[in-house]
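Each chain, letter by letter, is given below.
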Amino acid sequence: MHNHHTDWHIWSGCAILTLLIFRLLWGVVGSSTARFTNFVRGPRAIGDYLRGRWTGIGHNPLGALSVIALFLALSVQVGLGLVAEDEDGLYTGPLYRLVSIDTSDKARDLHEFWFNVILGLVALHVVAIVFYRLRGKHLTKPMITGRAHLEPGMEPMRVGKWWIALICLATGIGITRWIIAGAPPFSS
Amino acid sequence: MRNVPIVIASVVALTAITTAATAKVSGPQAAQVMHQRHEGMESIGKAFKALRREFDSSSPFDPTVRSSAAQIAGLARKSSGWFPAGTGPEAGKTGAKPEIWKTPQDFAAKLSAFQKASLVFNAAAASGDINAAKARYADLGGTCKACHDKYRAEMHH
């Protein structure tokens, strides 16, 4: 990795780690549409959705797969980065000492390869948004504003508490800082 | 530090080696140099990584630190012969950028800085003063980076 911005690379990875922890917690105690139990469904729900028999707000049963795929792909990428080191041994992920030199080197190669998987998912995601938009459905606007058009009989979103969001974020930052410090006492 | 005279003598000798002009090579000779360079750089990298793990552990193991430091210093000395003209990307797969031979004086200065730092680090490691060794290790890494930022390309192998 000779792009001369390795510091930025590592810091953005730590930022993504914080966001992942936040999203994981928010998916348990956050707004109703963010909770995994509310939007992650089985194949039958996906089939119903594809046949136009799904009504609801938030991620639809098919989109849920995309959320899970992105979440897992980013988690794998961050996990690899945490134990990786660059080819020259000048930069290391904060948890590199938990594994051997060989494993760190392999993690780096896989980290490099895995970025293509993420690019693929990003492309799929953007294509899906454009596809829905062409069919007259805004996916991003309700996501940002929290407001969506409700058909009669549809249950509105139960908005999560702001202070719970704050606790989730603080927890994410705290865990990330602990990992940056080498996750004591495990790697010291 | 009892090693100071040795370091100074070595640095003087090295400067003479580094600034000596290196003749252009080609064919199998170029391939051989490139192979040596690759293996040498890889060994330096491995020793450097092992040292980081030692220094970051709660009790760095003295013999490992000493032997790795000596290995790097030995390879650094050899590195003077690793960059003759004719061993750039035109001669085959390599991480060496053509800029090495476009700005030879700057490259020689950076290579020399690396060699000096490797000797200073080796002396610190030999002295058994872990804190001094750590500081000189960081200096050494700085000289690796200074050169690699400018003259090393990514190489997939």
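Residues numbered from 1 in each chain as written. Chains lettered and ligands numbered in written order. Predicted model: local features only at pLDDT ≥ 70, side-chain atom pairs only at ≥ 80, totals over all residues. Heavy atoms only, no water.

When the pLDDT values of chain A are averaged, the result is 93; 97% of them are 70 or greater. Looking over chain A, one finds the lowest element-wise mean pLDDT in helix 6 (residues 140–145) of chain A, namely 88, and the highest in helix 7 (residues 162–180) of chain A, namely 97. (pLDDT = per-residue confidence, 0-100. Helix = DSSP H or I, 4+ residues; strand = E, 2+ residues; numbered from the N terminus.)

Another point: the packing of aromatic side chains. Residues and elements named next belong to chain B. Enumeration according to the criterion identifies 11 aromatic pairs over all chains in this entry. Residues Phe55 and Phe121 carry aromatic rings whose centres are separated by 6.3 Å and whose planes lie at 70° to one another, so their mutual orientation is edge-to-face. Residue Phe55 is located in helix 2 (residues 27–56), and its partner Phe121 is located in helix 5 (residues 104–127); the two are separated by 66 residues in the primary sequence. Per residue, the accessibility class of Phe55 equals that of Phe121, and both read buried. Summarising the aromatic geometry, the rings of Phe83 and Phe107 are spaced 4.8 Å apart at their centres and angled 70° between planes, so their arrangement reads as edge-to-face. You can see Phe83 sitting in the loop between helix 3 (62–78) and helix 4 (99–102) and its partner Phe107 sitting in helix 5, a full 24 residues away along the chain. Each member of the pair, Phe83 together with Phe107, is buried. A connected cluster of aromatic rings, assembled from ring pairs, spans Phe48, Phe55, Phe121 and Tyr137. (Phe/Tyr/Trp six-rings, centres within 6.5 Å; stacked < 30°, edge-to-face > 60°. Buried < 20%, exposed > 50% of the residue type's maximum accessible area, 1.4 Å probe, protein only.)

All names here are of chain A. Considering the arrangement of structural elements, one finds Pro142 in helix 6. In this structure Pro142 comes out as partly exposed when scored by relative accessible area, which is 26%. C-alpha of Pro142 to C-alpha of Ile57: the two residues are 85 residues apart in sequence and 9.2 Å apart in space. Those residues in contact with Pro142, other than ones at most four positions away along the chain, are Arg147 and Ala148. (Contact = heavy atoms within 4.5 Å.)

For helix 7 of chain A, spanning 19 residues, the distance from its first C-alpha to its last is 27 Å, which sits close to the expected 27 Å at 1.5 Å a residue. Where helix 7 of chain A is buried, its residues meet helix 1 (6–29) and helix 4 (61–83) of chain A. (Expected span 1.5 Å × (residues − 1).)

Right, let's get into the interface of chain B and chain A. Chain B puts 19 residues into the contact, and the matching count from chain A is 20 residues. Taking both sides of the interface into account, the surface hidden between chain B and chain A amounts to around 1,800 Å²; carbon and sulfur atoms contribute 46%. Between chain B and chain A we count 4 salt bridges in total. Note that A:Glu87 is salt-bridged to B:Arg152, the shortest N-O span being 3.3 Å. For the side of chain B that touches chain A, the elements supplying multiple residues, two or more each, are helix 2 and helix 6 (130–151) of chain B. Per-element tally for the side of chain B that touches chain A: the top contributor is helix 2 of chain B, with 8 residues. Class assignment for the residues of the side of chain B that touches chain A results in 4 nonpolar, 6 polar and 9 charged. (Buried area = accessible area lost by both parts, 1.4 Å probe. Salt bridge = Lys/Arg side-chain N within 4 Å of Asp/Glu carboxyl O. Nonpolar A, V, L, I, M, F, W, Y, C, P; charged D, E, K, R; others polar.)

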